Amino acid sequence: MAVRDLLGGLIRLHILHHAAHEPIFGLGIIEELALHGYKLSPGTLYPLLHGLEKSGYINSSIERVAGRRRRVYLVTEEGRQALALAKTKVWELFRELFEVELSFSVAGKVGPQDHIVGDDGLSKKTDAKLDRKHTHKRSIKKAKS
Ligand SMILES: [Zn+2]
């Protein structure tokens, strides 16, 4: 499976997210997605937009901008509901994908560098928190086997 196929759902959600905030158009969304590292050609994007429209998640209409016709897309009520559902799924997946990173920030406002800054302004190791993390991992393994 191509990476683009794997990421297809994320790209569709990204499009839906923006169409829920304002009318979007092809070239604009290509530029927006490029900012997030997705390089899409019109030949890839338009089938995605048409698929979303066919599913009833977005509606399109023709707008005149500086004398030129432009097709713009806006979320439908069905699309809004689908987006809300998808957001709960993305949230669940996000929490699982970043379980380790999130546990650090919850445990004591520390980043990946495993240090926290004490009241005296000095950096100190957070071995206790790391140990707790390892214990947690072990208990997950035990529960599964
Ligand atoms: Zn975006």
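Residues numbered from 1 in each chain as written. Predicted model: local features only at pLDDT ≥ 70, side-chain atom pairs only at ≥ 80, totals over all residues.

## Notes on the overall build of the protein
In step 1: Scanning the protein from N- to C-terminus turns up seven helices and five strands.
In step 2: Across the 145 residues of the protein, 9% fall into the buried class.
In step 3: For the protein, the share of sequence-separated contacts (at least 6 apart) that also reach a separation of at least 24 residues comes to 35%. (Helix = DSSP H or I, 4+ residues; strand = E, 2+ residues; numbered from the N terminus. Buried ≥ 20, exposed ≤ 12 C-beta atoms within 10 Å, placed from the backbone. Contact = placed C-beta atoms within 7 Å.)

## A closer look at the confidence of the model for the protein
Residues shown with low pLDDT carry predicted positions that ought not to be read at fine detail.
In step 1: Mean pLDDT over the protein stands at 81; residues scoring 70 or higher make up 72%.
In step 2: Across the protein, element-level confidence peaks in helix 5 (residues 77-97) with a mean pLDDT of 97 and bottoms out in helix 7 (residues 127-144) with 43.
In step 3: Here residues 123-145 is modelled with pLDDT under 50, and outside its nearest four sequence neighbours on either side it reaches 16 contacts, counting other chains as well. (pLDDT = per-residue confidence, 0-100.)

## Brief notes about unusual backbone geometry
In step 1: Unlike most non-glycine residues, Ala66 shows phi in positive territory, near 50 degrees.
In step 2: The topology assignment puts Ala66 in the loop between strand 2 (58-65) and strand 3 (68-75).
In step 3: Taking the number of C-beta atoms within 10 Å as the measure of exposure, Ala66 has 5 and is therefore exposed.

## Re the pairing of strand 3
In step 1: Examined bridge by bridge, strand 1 (residues 24-25) and strand 3 share two bridges and lie antiparallel to one another. Within strand 3, the position partnered with Ile24 by the bridge is Tyr73.
In step 2: Of the pairings in the sheet, the one linking strand 2 to strand 3 comprises eight bridges and is antiparallel in character. Residue pairing across strands places Ser61 opposite Val72, the latter belonging to strand 3.
In step 3: The turn linking strand 2 back onto strand 3 is made up of two residues, and Ala66 within it adopts a positive phi angle of 50 degrees. (Pairing = 2+ DSSP bridges.)

## Some points on the environment of Arg71
In step 1: Locating Arg71 in the fold gives a position in strand 3.
In step 2: In this structure Arg71 comes out as partly exposed when scored by C-beta crowding, with 13 C-beta atoms within 10 Å.
In step 3: Along the backbone, Arg71 and Ile24 are 47 residues apart, and their C-alpha atoms lie at a distance of 8.6 Å.
In step 4: Beyond its immediate chain neighbours, meaning those up to four positions away, Arg71 contacts Phe25, Ser60 and Ile62.

## Some points on the sheet that holds strand 1
In step 1: Strand order across the open sheet formed by three strands is 1-3-2, with antiparallel pairing between neighbours. If you trace the sheet from one side to the other, it starts and ends with strand 1 and strand 2, each paired once.

## Some thoughts on helix 2 (residues 8-19)
Residues that lie three or four places apart on an α-helix share one face, since the helix turns once every 3.6 residues.
In step 1: The first and last C-alpha atoms of helix 2 sit 16 Å apart over 12 residues, in line with the 16 Å expected at 1.5 Å per residue.
In step 2: The inward-facing, buried residues of helix 2 abut strand 1, helix 3 (26-35), helix 4 (42-54), strand 2, strand 3 and helix 5. (Expected span 1.5 Å × (residues − 1).)

## Some points on the environment of Ala84
In step 1: On the secondary structure map, Ala84 appears in helix 5.
In step 2: You can call Ala84 exposed: it has 10 C-beta atoms within 10 Å.
In step 3: Measuring from C-alpha to C-alpha, the distance between Ala84 and His17 comes to 9.6 Å, with 67 residues separating the pair along the chain.

## So, the nonpolar core
In step 1: With 11 residues, the main nonpolar core is built from Ile15, Leu16, Ala19, Ile24, Ile29, Leu49, Leu52, Tyr57, Ile58, Tyr73 and Val75.
In step 2: Mapped onto this core, the elements with two or more residues apiece are helix 2, helix 4 and strand 3.
In step 3: Examining the composition of this core, we find that three residues originate from one element, helix 2, more than from any other.
In step 4: Apart from the residues within four sequence positions on either side, Ile58 is in contact with Ala19, Leu52, Glu53, Tyr73, Leu74, Val75, Thr76 and Gly79. (Core = buried A, V, L, I, M, F, W, Y, C linked by C-beta atoms within 7 Å.)

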